[in-house]
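Residues per chain are reported as follows:
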Amino acid sequence: MTSKSVDNQVSPGAPKDAGVTIIYDGDCPMCRSYVTWLRLRQSAGPVQLLDARQQPALTADLYRQGLDLDKGFVVRNADQVYHGAQALNVLALMSSRSGLFNRFNYRIFRSPRLTALLYPVLVTGRRLLLKLLGRKPIEVDSVSH
């Protein structure tokens, strides 16, 4: 599995020793539920959940690095940064197998290939859900790739 490496200043809101940091869309009920239900192993260390909409500097920084939070959430673990399908796959491998949700999550998303096939469907579902709820995509003001 590959990951996108970024510089040491990934996030003003996520210290380098934060353990696992998950940056997600807090306005998306599907995203919020996922990060709430997910149980990460003790070995993952502390877990920091950051709502991208509440972290404009972080969101802009990630966007400048080519990580569009409207196309996928971001997981930072040590010096590795994962986006989208890779982030989902990494979390499935790190999460516990306790509980129905976590067992299902592991079985479906432990395979990078299957995760890559299913992730675009999840992103489309998120987009439709936000539209139905009258919520806007995450906006990054005056930031370009």
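Residues numbered from 1 in each chain as written. Predicted model: local features only at pLDDT ≥ 70, side-chain atom pairs only at ≥ 80, totals over all residues. Heavy atoms only, no water.

## Remarks on the packing of aromatic side chains
Here is step 1: Applying the stated criterion across every chain yields a total of three aromatic pairs.
Here is step 2: Residues Tyr34 and Phe101 carry aromatic rings whose centres are separated by 5.7 Å and whose planes lie at 70 degrees to one another, so their mutual orientation is edge-to-face. Here Tyr34 is found in helix 1 (residues 29-37), whereas its partner Phe101 is found in helix 4 (residues 100-109), with 67 residues between them in sequence.
Here is step 3: Using a relative accessible area of 25% as the deciding quantity, one classes Phe101 as partly exposed.
Here is step 4: Ring geometry for Trp37 and Phe101: centres 5.3 Å apart, planes at 65 degrees, overall edge-to-face. With a gap of 64 residues between them, Trp37 in helix 1 and Phe101 in helix 4 connect regions that are remote in the sequence.
Here is step 5: Among the aromatic residues, those joined into a cluster by ring pairs are Tyr34, Trp37, Phe73 and Phe101. (Phe/Tyr/Trp six-rings, centres within 6.5 Å; stacked < 30°, edge-to-face > 60°. Helix = DSSP H or I, 4+ residues; strand = E, 2+ residues; numbered from the N terminus. Buried < 20%, exposed > 50% of the residue type's maximum accessible area, 1.4 Å probe, protein only.)

## Quick look at the layout of surface pockets
Here is step 1: Its boundaries defined by the atoms lining it, the largest pocket holds a volume of some 460 Å³.
Here is step 2: Surrounding the largest pocket, 24 residues form its lining, Met30, Cys31, Tyr34, Leu88 and Leu122 being those nearest its centre.
Here is step 3: The set of elements that each furnish at least two residues to the lining of the largest pocket consists of strand 1 (20-24), helix 1, helix 4 and helix 5 (112-132).
Here is step 4: For the lining of the largest pocket, the per-class residue count stands at 17 nonpolar, three polar and four charged. (1 Å grid on protein atoms, 1.4 Å probe; cavity = no way out; pocket = protein on both sides within 12 Å on 5 of 7 lines; lining within 4 Å. Points joined across faces, edges and corners; volume = space filled by probe spheres on them. Nonpolar A, V, L, I, M, F, W, Y, C, P; charged D, E, K, R; others polar.)

## Things to note about the pairing of strand 4 (residues 80-83)
Here is step 1: Where strand 3 (residues 74-77) meets strand 4, four bridges bridge the pair, whose relative direction is antiparallel. The residue of strand 4 that forms the bridge with Asn77 is Gln80.
Here is step 2: Hairpin connection, strand 3 to strand 4: the antiparallel pair is bridged by two residues, and Ala78 has positive phi, about 60 degrees. (Pairing = 2+ DSSP bridges.)

## Remarks on the pattern of salt bridges
Here is step 1: Within this structure, the stated rule accounts for four salt bridges.
Here is step 2: Note that Arg126 and Asp25 form a salt bridge whose closest N and O atoms lie 2.6 Å from each other. In this pair, Arg126 is assigned in helix 5 and Asp25 in the loop between strand 1 and helix 1, connecting sequence segments 101 residues apart. Asp25 matches Arg126 in its accessibility class, with the two residues each being buried.
Here is step 3: We note a salt bridge from Asp27 to Arg53, for which the minimum N-O separation is 3.4 Å. On the criterion of sequence distance, the pair formed by Asp27 in the loop between strand 1 and helix 1 and Arg53 in the loop between strand 2 (47-51) and helix 2 (56-64) is long-range, its members being 26 residues apart.
Here is step 4: What makes Asp27 partly exposed here is its relative accessible area of 31%.
Here is step 5: When salt bridges that share partners are traced, they join Asp25, Asp27, Arg53, Asp70 and Arg126 into one network. (Salt bridge = Lys/Arg side-chain N within 4 Å of Asp/Glu carboxyl O.)

## Focus: helix 1
Here is step 1: All of the buried residues along helix 1 are Cys31, Tyr34 and Val35. Viewed end-on, helix 1 has its buried residues packed into an arc of 90 degrees, placing them on one side of the element. Residues of helix 1 that are exposed and angled more than 90 degrees away from the buried face: Thr36 and Trp37.
Here is step 2: Turning to helix 1, the residues buried within the fold contact strand 1, strand 2, helix 3 (85-94), helix 4 and helix 5. (Arc of directions from axis to C-beta. Contact = heavy atoms within 4.5 Å.)

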